[in-house]
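Observations on the three-dimensional arrangement
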Amino acid sequence: MPKIPLYNQGLGQTVTTKPIQGVRANEGAFTASQKGFSAFGKSIEDAAFKFGMEEKKAETDRYRNKVNTEVNQEMNNFTMNSEATTVAEYQALADKKRIELRNKHLSGLEGKLTKNQFRDVSMQFDNTFAAKVATGSQQAHNKAQAIRTDQVNTTVDDTLSQLRSLDPSSQLYQDIQTGLDEGFDRWASQGIRPKYSKTTYRKELSASRFVNEIKNVNSQNGIERMRARLDEERPNMKVADYAARNTAIDAQEKIVDAEEVNTAHAYIIENIEDFTDEQFDEAIEDIRNGKTVSLETKASMEAGEGEKTISFSTMKSTNRGSLISMLTQSRKSDKAEILSANLNSVNAKVQNMSLSQLRTMEQTLTSKDDNGDFVISPDIKDFPGREQIRGIVERELAQKARRAVSEAGEITKDIVASVTANKGVLSEADNVKLSGVLTTLIDAEQFDEAAKIERTINATSRASTIFESIKFDSLEAVQTALKDARSTENMSTALGSETYQILSKQILERNKLIQKDFVGYYKRENPDEEITPSKLLTLQTEMGIAAVDLRVTSDAELASFKAEYDNPELNYNEKAAVMDSFLNRYGQNQNRVMRHLMETNTISFAQNIAASDPANINMKAVLAADTEKGQKEIKEKLSKDTLTLIKEETATIMQPYGNSITGSLVDDVMGGGASPSRVFHSLEMQTIVSQTAAFLHAADTSISAEKAVKIAYDTVIGNKFVFENVNGSQVRINKDYEPLKDGIREMLDASLTLDTDHLAASIEFPPTPFGRKDEDFQREYLKDLKSKGSWRTTTDNTGVYLVDQLGNLVQRKAGTGGGVADQLGFVSVNFDSIVPLAEQYQEGGANLPGNLRDRKTKILSTRKLF
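**Concerning the overall build of the protein**
Scanning the protein from N- to C-terminus turns up 34 helices and nine strands. The 866 residues of the protein split such that 37% are buried. Long-range pairs, those at least 24 residues apart, make up 61% of the contacts in the protein with a sequence separation of at least 6. Of the roughly 50800 Å² of accessible surface on the protein, a fraction of 51% belongs to carbon and sulfur atoms.

This is the structure in structure tokens:
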């Protein structure tokens, strides 16, 4: 029969077998090794045992944790959903839940676990369940306490409501309050905390009773009772509460007093309608002395109503005084009402009366009929009342006179505007209006005003006639007209003085219109005339308008262009076509029109740059970079360091251009042309190049920042100009003149350094400083001008002007330049004027004898640069 395998401390099955019999060996041969093997086997057995025990422990912990987690969660849900309101009820329900959970979580584990394991898991169940029941029992207790507290609060509120309706001095009030006090003691011993305590419910009861009483008290006796009760309760009150209640009682007392006075006043007034003045005075005296007043009148006796009385013995003296004041005022109001009715009647009548009718009424105010009554308002007999009626009539007379003057003034404005528009001619319609105005003023006895208006119309007619003759005349003609109008003979009369004032005002207004929009003003004044740009320029020049301000375009034309140019549906090429078409209308005056567009902000600086070379594809980037969208793209895509690099590169590459605009530093002084406007122009150009380069780099990062700056610079400046150094400063020359740039450079330089006599004869020397001789100063100034003076290119790139060593424009001596050059007042030269000399230098200069200096001197001896 085979042996049954056994378990050996978790080592698995073991089978006992018989030892093998054989030749007997020497025990000593095996002793040492056998002992070592036995010890090793014993260690293996111990480790296996421990491993098996740890496995069982882990299994036990797993079931314990599972039971703990699931029972904890289910008991949380049970407690949360429980509707038990007492501890006993909760624990009874929990006991049933325990059986349910035990069967659910422990049933079936006996066969899976050893006895000790099951015991540990069961103990875990009991501990977890007990802890959750303890928590739930506390919650049930709290819930029961909350319910009882609500019930107690309801009881207290009902009791307080009952106490508020009872007299605090009654026995029933005392009995209910004693029962409520005992209840508070009982609830405190039960651990219940209602919203009131013994102290706070008394304060609340006192406050609510006070509020109720203050609303309902309507007599002085009631006020006195409230004051007495307040004094009784004062020891148990805060100072602030006492003061607040005292203030409320005082306020309510004033209301009670007012109601008492108003009631008595209404009753008395209703019953003394027929009182004579003597009866009224007697009643007032009785009220003042606190007596009984009889309100019997003739009307009440005839009506059979009998005698009516009212006693004032209990009314406070202050209330009697208020009542007397109200009665007295009401008595006056009755008389005032009669007067008011008459005054209203008179006022209504005079509104529709003419000035002559009002004067007649004024004369009859004191007239009486055969019965001795006044013809006008016979009910008003006293002197003050009659004077008030007179006042109404006189005020209406004055108002109608002022109204006539005001209306005449408005009509006069219309006539003046009409005469001015008709160039001094008074039309038939204006004559009719003027006659009506004068008649009205004379009827109103406003003789001075009538004379003043007639003089104003005549002065307007004379001034407008003069103004029309000089409106677009020369400055000298305007000054002569003003001088004549201001002559002693004319200014000695009121008409002449006013004529001069009106003419001066018309000329001043004309000057404003000319300054704002000469072309538009001229076209409005001459709608049927065919007007050419040349005529406009000639006319403006004769009128003394500065050359820089001469215009050939009107504001309306600029606005029309802007509306077309700003059309968002147009692409770049279409916009360029609109700009080109607009400028071409004005031929040789395109630069002047462009300047007008810029000065009026019709186009931006970037749009001006783009218009100078519309065929250049990179001009699209110039415009795009100047938009809000372009600026946003630059900021989003480029870092601050990159933008700084672009600005630095731009500043470097722009140095020649900036130098050609503002000049370089000479003895720490900025070169000529460094006026705010020219510095601003240089900065604007630098900004355009910088932001265009930034936009190009942001749009295509394969273009380096340095290359982007070069592209932007060439687009805006480099493709249009070359720069030549003349006497240490840059001169900007249009690309059109590039073949002659050497000749232009040399002739500009020679005009300063070689043609000294002509230079000295052509300039106006600055004033000689105090203490110096003219000859010495002028010699030194001329020497410095030759060595440190420079030529500056104009911002419109058409020529150059001369700047001295101090940065000042060199003034031209009157009569030496001729034409436009002389009008400008300073030494300047157009590039077109330099071209013949430059061509002579470059083409024939090599055939002239002597060195280059002699050749340039020879050229300047036959033809002057300026």
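Next comes the rest of the description.
**A short note on the side chain of Ser377**
If you trace the backbone, Ser377 turns up in the loop between α11 (355-363) and α12 (383-421). Non-local contacts of Ser377, meaning those with residues more than four positions away in its chain, are made with Asn342, Val346, Arg386 and Ile389.

**Digging into the packing of α11 against α12**
When two helices pack together, their arrangement is given by the angle between the helix axes and the distance between those axes. With their axes 10 Å apart at the nearest point, α11 and α12 run at an angle of 155° to one another. By the angle between their directions, the pair α11 and α12 is classed as roughly antiparallel. α11 and α12 meet at a crossing whose hand is left-handed. Only Arg390, Val393, Glu394, Glu396, Leu397, Lys400 and Ala401 of α12 make contact with α11, whose side of the interface consists of Leu355, Leu358, Arg359, Met361 and Glu362. Along the lines of polarity and charge, the residues of the contact of α11 with α12 split into six nonpolar, no polar and six charged.

**Here's the deal with α12**
Between its terminal C-alpha atoms α12 stretches 57 Å, which fits the 57 Å expected from 39 residues at 1.5 Å a residue. Lys423 occupies a position one or two residues after α12 and carries a positive phi of about 60°.

**Observations concerning the pairing of strand β5 (residues 721-726)**
Of all six residues in β5, five are buried, a share of seventy percent or more. In this sheet, strand β6 (residues 729-734) lies alongside β5 in antiparallel orientation, the contact comprising six bridges. In the strand pairing of β6, Phe723 is matched with Arg732. In sequence, β5 turns back onto β6 through a hairpin of two residues, with Asn727 there showing a positive phi of about 55°.

**A short note on the sheet that holds strand β7 (residues 790-793)**
Through backbone hydrogen bonds, the strands of a sheet pair up, either in parallel or in antiparallel fashion. Within the open sheet, the three strands sit side by side as β7-β8-β9. Their pairing is antiparallel. In this open sheet, the two edge strands, each paired with only one partner strand, are β7 and β9 (828-830). On average, adjacent strands in this sheet sit at an angle of 25° to one another, irrespective of strand direction. In this sheet, β9 lies alongside strand β8 (residues 799-803) in antiparallel orientation, the contact comprising three bridges.

**Points about the environment of Ser704**
Turning to its location among the elements, Ser704 is positioned in the loop between α27 (676-699) and α28 (705-718). Among the residues examined, Ser704 registers a relative accessible area of 33% and is labelled partly exposed.

**A word on a negative patch on the surface**
A cluster of acidic residues, Asp369, Asp370, Asp373 and Asp379, forms a negative patch at the surface. Among the structural elements, Asp370 can be located in the loop between α11 and α12.

**With respect to the pattern of salt bridges**
Scanning the model with the defined rule gives 30 salt bridges in all. Residue Arg745 pairs with Glu746 through a salt bridge whose shortest N-O separation is 3.1 Å. Three or more residues joined by partner-sharing salt bridges are found here, namely Glu724, Lys741, Asp742, Arg745, Glu746 and Lys856.

**Details of unusual backbone geometry**
Backbone phi values are negative for most residues with the exception of glycine, while trans is the configuration of most peptide bonds. Here Lys423, not a glycine, exhibits a phi torsion of approximately 60°, which is positive. With respect to the helices and strands, the residue Lys423 is situated in the loop between α12 and α13 (428-443). Within the chain, Asn727 stands out as a residue other than glycine whose phi angle is a positive 55°. Relative to the elements of secondary structure, Asn727 occurs in the loop between β5 and β6.

**Focus: the packing of aromatic side chains**
The geometry of two aromatic rings is summed up by the distance between their centres and the angle between their planes. All chains considered together, the criterion is met by 16 aromatic pairs. Their ring planes at 70° and their centres at 5.4 Å tell us that Phe582 and Tyr586 sit as a pair that is edge-to-face. Both residues of the pair, Phe582 and Tyr586, belong to the buried class. Ring geometry for Phe777 and Tyr781: centres 6.2 Å apart, planes at 35°, overall tilted. Residue Phe777 and its partner Tyr781 are both found in helix α31 (residues 774-788); the two are separated by four residues, about one turn of the helix. For the pair Phe777 and Tyr781, a shared accessibility class is recorded, and that class is buried. A connected cluster of aromatic rings, assembled from ring pairs, spans Phe472, Phe518, Tyr521 and Tyr522. Looking at Arg62, its charged tip hangs above the ring of Tyr63, at a distance of 4.6 Å from the centre. Positioned over the ring face of Tyr565 is Lys575, at 4.8 Å from the centre of the ring.

**Details of the environment of Asp736**
Assignment of secondary structure puts Asp736 in the loop between β6 and α29 (741-753). Relative accessible area serves as the criterion here: at 66%, Asp736 is assigned to the exposed category.

**What to know about the side chain of Ser790**
With respect to the helices and strands, Ser790 occurs in strand β7. Only 2.9 Å separates the side chain of Ser790 from the side chain of Arg792, close enough to count as a polar contact. Excluding anything up to four places from it in sequence, Ser790 contacts Ser729, Leu752, Tyr801, Leu802 and Val803.

**Some details on the packing of helix α20 (residues 572-584) against helix α21 (residues 590-599)**
Axis separation between α20 and α21 bottoms out at 9 Å; the angle between their running directions is 120°. On the basis of the axis angle, α20 is oblique to α21. The segment α20 lies against α21, with Met579, Phe582, Leu583 and Asn584 engaging Gln590, Val593, Met594 and Leu597. Of the residues that constitute the contact of α20 with α21, the class distribution is six nonpolar, two polar and no charged.

Conventions we followed
- Residues numbered from 1 in each chain as written.
- Predicted model: local features only at pLDDT ≥ 70, side-chain atom pairs only at ≥ 80, totals over all residues.
- Heavy atoms only, no water.
- Helix = DSSP H or I, 4+ residues; strand = E, 2+ residues; numbered from the N terminus.
- Buried < 20%, exposed > 50% of the residue type's maximum accessible area, 1.4 Å probe, protein only.
- Contact = heavy atoms within 4.5 Å.
- Areas by Shrake-Rupley, 256 points an atom, 1.4 Å probe, with all protein chains shown as cover.
- Axes fitted to C-alpha atoms, helices over the stretch in contact; angles between N-to-C directions.
- Parallel < 35°, antiparallel > 145°, perpendicular 65-115°, else oblique.
- Left-handed = near helix turned anticlockwise from the far one by under 90°.
- Nonpolar A, V, L, I, M, F, W, Y, C, P; charged D, E, K, R; others polar.
- Expected span 1.5 Å × (residues − 1).
- Pairing = 2+ DSSP bridges.
- Patch = residues over 30% accessible without salt bridge, like charges linked within 9 Å, V, L, I, M, F, W, Y side chains within 5 Å.
- Salt bridge = Lys/Arg side-chain N within 4 Å of Asp/Glu carboxyl O.
- Lys, Arg positive; Asp, Glu negative; His and termini not counted.
- Charge placed at Lys NZ, Arg CZ, Asp CG, Glu CD.
- Phe/Tyr/Trp six-rings, centres within 6.5 Å; stacked < 30°, edge-to-face > 60°.
- Lys NZ or Arg CZ within 6 Å of the ring centre and 35° of its normal.
- Polar contact = N/O pair within 3.5 Å; in protein donor to acceptor, adjacent residues only side chain to side chain.

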